[in-house]
Amino acid sequence: MEVISRFPNIGQTIFSKISALSNQKKAINLGQGFPNFEGDEFLYQRLKYYIDHGQNQYAPMTGMPKLREIVTLRHQEIYGNAVHPQDEVTITAGATVSIFCALSALVSPGDEVISFDPSYDSYTPNIELLSGVSKRINLTADFQIDWDLVKKTVTSKTKVILLNTPHNPAGSVLTQDDLDKLWDIVKDKNIFIISDEVYQHIIFDGKKHLSPFNDERMRNRSIAISSFGKSFHVTGWKVGYVLSSKELMTEFRKVYQFISFTTFAAPQSALADMMEKNPNYFQSLAKFYQQKRDFLRDGLSHTKFKVLPCEGSFFQLADYSEISDKEQNDFVMDLIDSPGVATIPISGFYQSAPKSQKVIRFCFAKTEEVLAQAIERLKTI
Ligand code: PMP
Ligand code: GLN
């Protein structure tokens, strides 16, 4: 009996690898993206309440009606886009599975999917599992999309453009100009857009989150993907949602029902109560993370790292070329050993990283105490 790997060249994800090493070496872990603080006590109480009151069997495949209602209400309040709570939203087991199901619903063997490097680690393996063709375009040196290059990359086989805004790891966000250029490219073609927006509420300096799904020109060809894990500091709950037009959602649900079918019921009701009780929660979330971003940026400005712009997400990139000539993986391994801070090499998010790039990612979803400790350590190099 021989096991023939579908992924002979893939091991553990960089996030798991760095977290394991960080634990082993007792470093401060600013690598993998998860908060080191708790979510809201009310949210936890409601979760316990629903478990104690019988919500322990399958939720409806499309998600708890109350959560779908409140998600669409808040979406309309924030973005002015009316979304139908029955037909246009599905609650899922987080963004990772949503991305796979969205791709599965759209990509047939040989179809091309354009994504942008540095890109989230699951995109290309997902496309390859579907026998699609992953066409990866590097973002520019300041982590923007080169739309001329996109235009040149589009062929008659292009089925999906896969976007991520706010961007992990770059922290850049799509602008109106980006959406206009995207529309220009797709308007007379049968190209769909999957937009990974798990950090949609973590956006800074008064900027507004822009999504192709909230742009009426592209609404009917877009699938927007979000995650409650990021917005409520509960990445371990693995609950998220997907928005799209009814027609696309029908196709999404056909796949999702056979991949996960549904997700953990009680957290869905708890999240609905939390969103109902706190109508301005998402606005306060942006302020909460902006403070952390500024704290880390200020701290890093007293080290030899050069901080790069960060408009959204809970990740900060920093250039280390004043500290070392080493390539990113080696530099990150050194940092874990001494001074004992774990980060992520962004070269792992590329098919072909720019040769001279000396950039690593810090996660600032951490208490100020932990960020301050990390900064003190980084000041020593
Ligand atoms: N997309 C991006 C850009 C992410 O950063 C993450 C996770 N950190 C995900 C998707 C996956 O989210 P989830 O945990 O809800 O599956
Ligand atoms: N998305 C998280 C990050 O970018 C990690 C999630 C994971 O470990 N798969 O760090």
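Everything below is about the structure shown above.
Everything in this summary refers to the structure shown in the same document.

Scoring rules and cut-offs
- Note on numbering: residues in each chain are counted from 1, in written sequence order.
- Working convention: letters from A go to chains and numbers from 1 go to ligands, in the order in which they are written.
- Only residues with pLDDT of at least 70 are given local features in this predicted model, and only at 80 or more are side-chain atom pairs given and counted; all residues enter the totals for whole chains, interfaces and linings.
- Hydrogens and water are ignored here; the side-chain numbers use all heavy atoms of the structure.
- Throughout this description, buried means an accessible area under 20% of the type-specific maximum (1.4 Å probe, protein chains only), exposed means over 50%, and partly exposed covers the range between.
- Secondary structure follows DSSP: runs of H or I at least 4 residues long count as helices, runs of E at least 2 residues long count as strands, and numbering of each begins at the N terminus.
- When DSSP locates at least two bridges between a pair of strands, those strands are taken to pair.
- By convention, a crossover is right-handed whenever its connection, traced from the first strand over the helix to the second and viewed with the strands pointing away, goes clockwise.
- This arc corresponds to the set of directions leading from the helix axis out to the C-beta atoms.
- Two residues form a contact once any of their heavy atoms are found within 4.5 Å.
- Take a side-chain nitrogen of Lys or Arg and a carboxyl oxygen of Asp or Glu: if they are within 4 Å of each other, that pair is a salt bridge.
- Each helix should span, by expectation, one fewer than its residue count multiplied by 1.5 Å.
- Nearness is defined per residue: one heavy atom within 4 Å of the molecule or strand is enough.
- Polar contact criterion, stated in full: a pair of N or O atoms within 3.5 Å, where within protein one must be able to donate a hydrogen and the other to accept it, and residues adjacent in sequence count only if both atoms are side-chain atoms.
- A 1.4 Å probe and the Shrake-Rupley method give the accessible areas. Residues count as covered only by the protein chains that appear here.

### Side note on the pairing of strand β5 (residues 158-164)
Okay, step 1: Buried residues dominate β5, accounting for seven of its seven residues.
Okay, step 2: The pairing of strand β3 (residues 112-117) with β5 spans three bridges and is parallel. If you follow valine 113 over to β5, its bridge partner there is valine 160.
Okay, step 3: With helix α7 (residues 176-186) bridging β5 and its parallel neighbour strand β6 (residues 192-196), the resulting β-α-β unit is right-handed.

### Some remarks on helix α1 (residues 14-24)
Okay, step 1: All of the buried residues in α1 are Ile14, Phe15, Ile18, Ser19 and Ser22. Along the axis of α1, the buried residues cluster in a sector spanning 125°; they form a single face. Residues of α1 that are exposed and point over 90 degrees away from its buried face: Asn23 and Gln24.
Okay, step 2: Remark: lysine 26 follows α1 within two positions and exhibits a positive phi of approximately 55°.

### Considering the environment of valine 307
Okay, step 1: Structurally, valine 307 can be placed in strand β9 (residues 306-307).
Okay, step 2: For the pair valine 307 and leucine 296, spaced eleven residues apart in sequence, the C-alpha separation works out to 9.4 Å.
Okay, step 3: If we skip the residues at most four places from it in the chain, valine 307 touches Arg297, Leu300, Gln316, Leu317 and Ala318.

### Section: the pattern of salt bridges
Okay, step 1: This structure, assessed with the given rule, holds 20 salt bridges.
Okay, step 2: Between glutamate 112 and lysine 135 there is a salt bridge whose closest N-O contact spans 3.7 Å. With glutamate 112 in strand β3 and lysine 135 in strand β4 (residues 133-138), the pair connects residues that are 23 residues apart, well separated along the chain.
Okay, step 3: Given a relative accessible area of 9%, glutamate 112 falls into the buried group.
Okay, step 4: Overlapping salt bridges bring together Arg46, Lys66 and Asp273 as one network.

### Topic: helix α9 (residues 246-259)
Okay, step 1: Here α9 spans 20 Å end to end across 14 residues, near enough to the 20 Å set by a 1.5 Å rise per residue.
Okay, step 2: By the burial criterion, the buried members of α9 are Leu248, Met249, Phe252, Arg253, Val255 and Tyr256.
Okay, step 3: Looking at the packing, one finds that the buried side of α9 touches β2 (89-92), α4 (95-106), β6, β7 (222-227) and β8 (240-244).
Okay, step 4: Positive phi shows up at phenylalanine 261, right after α9, with a value of about 70°.

### Some words on the site of ligand 1
Okay, step 1: Neighbouring ligand 1 are 13 residues; Thr96, Asp196, Tyr199, Lys230 and Lys238 lie closest to it.
Okay, step 2: Interatomic distance of 2.7 Å between a side-chain N/O atom of asparagine 168 and an oxygen atom of ligand 1.
Okay, step 3: Taken by itself ligand 1 offers 400 Å² of open surface, and the protein chains cover 93% of this.
Okay, step 4: A per-element tally of the shell around ligand 1 places α4 first, with three residues.

### Quick notes on the site of ligand 2
Okay, step 1: Surveying the vicinity of ligand 2 reveals the residues Phe15, Gln32, Gly33, Tyr120, Asn168, Lys230, Phe315 and Arg361.
Okay, step 2: Take glycine 33: an N or O atom from its main chain is 2.6 Å from an oxygen atom of ligand 2.
Okay, step 3: Arginine 361 is positioned such that a nitrogen or oxygen atom in its side chain is 2.7 Å from an oxygen atom of ligand 2.
Okay, step 4: Considered on its own, ligand 2 offers 300 Å² of accessible surface; in the complex 81% of this is hidden by protein.

### Some details on the pairing of β4
Okay, step 1: For β3 and β4, the ladder comprises six bridges, and the chain directions are parallel. Note that in β4 the partner of serine 115 across the bridge is arginine 136.
Okay, step 2: On the question of chirality, the crossover connecting β3 to the parallel β4 by way of helix α5 (residues 123-129) is right-handed.

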